[in-house]
Amino acid sequence: MLRTKYSDIHILAIFVALLFIGACSEISLQEYASKNQDEAAIISVLRQYQDARNNFELEKYLDCLHDRGFYHYASSVMVSKQDLHELLPRFWVQLQKGDRLFFPMCRENISGNYFVGFRIVNPQIVMHHDAADVTVTYLNKGWRQRHYISMVKENGRWLINRLDWETG
C-alpha cells in the first residue's frame, strides 16, 4: 500500500514539474530566432502589432494590416481594416474604462481583444511562398489563448491579412 501511494505522489510531482518547465519555456517575440529574412520581417510586424495594440496606437496598429484583410473585432465579428479604423477608437475607450457591462456575458465570446496589457509568445510560422500562417500564444496575467494570424507579402512587405482567435 505504501508503494502505491509513493508512486502516485511521485507521478504527481513529475507532472507538476513538467507543467512548471513548460510554463517557463515561453519564447517571446524578442527571443525568437528567425530562420530567414522573411521570418525576421514577420516577427518585426508582430512586434509592431503587439506594441501598437498595447499602447492603443491606432495608426501604428492599422499600419500592420492589409487593406483587403479581415480582422476579428469584439465578440466574434470579422470586419475590414476600414471598419476597424472607425470602430476601434470607441472600443478601446470602453476597454480602458474597464466597465464590466462592456464585456461579453460568456467566456466563449471573450478573446484577446478584451484585454489590456498582453504579450505574444511561442510564434509558430508556416511559410507558403508569399503567405504565412502564424500561430502564437496570447498571454495576459496567466490567461492564455491561441491567436491565429495570417500574413501576406506584398510589394516586399509583410502585412497581416487576418486576425482570429481560438474559441472557448
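Preceding block: the structure.
Residues numbered from 1 in each chain as written. Predicted model: local features only at pLDDT ≥ 70, side-chain atom pairs only at ≥ 80, totals over all residues. Heavy atoms only, no water.

Points about the overall build of the protein
- Check the secondary structure of the protein and you find four helices and six strands.
- The buried share among the 168 residues of the protein stands at 38%.
- Considering only residue pairs separated by 6 or more positions, the protein has 47% of its internal contacts joining residues 24 or more positions apart.
- Approximately 10,400 Å² of the protein is accessible, and the part contributed by carbon and sulfur atoms is 56%. (Helix = DSSP H or I, 4+ residues; strand = E, 2+ residues; numbered from the N terminus. Buried < 20%, exposed > 50% of the residue type's maximum accessible area, 1.4 Å probe, protein only. Contact = heavy atoms within 4.5 Å. Areas by Shrake-Rupley, 256 points an atom, 1.4 Å probe, with all protein chains shown as cover.)

Quick look at helix α2 (residues 37-54)
- Here α2 spans 26 Å end to end across 18 residues, near enough to the 26 Å set by a 1.5 Å rise per residue.
- Regarding α2, the residues found buried are Glu39, Ile42, Ile43, Val45, Leu46, Tyr49, Gln50, Ala52 and Arg53.
- If you follow the buried residues of α2, they end up packed against α3 (58-63), α4 (81-97), β3 (119-127), β4 (131-140), β5 (143-154) and β6 (157-165).
- Its side-chain oxygen at 3.0 Å from the backbone nitrogen of Asp38, Asn36 defines the N-terminal cap of α2.
- Trailing α2 by a residue or two, Phe56 shows a phi angle of about 55 degrees, which is positive. (Expected span 1.5 Å × (residues − 1). Polar contact = N/O pair within 3.5 Å; in protein donor to acceptor, adjacent residues only side chain to side chain.)

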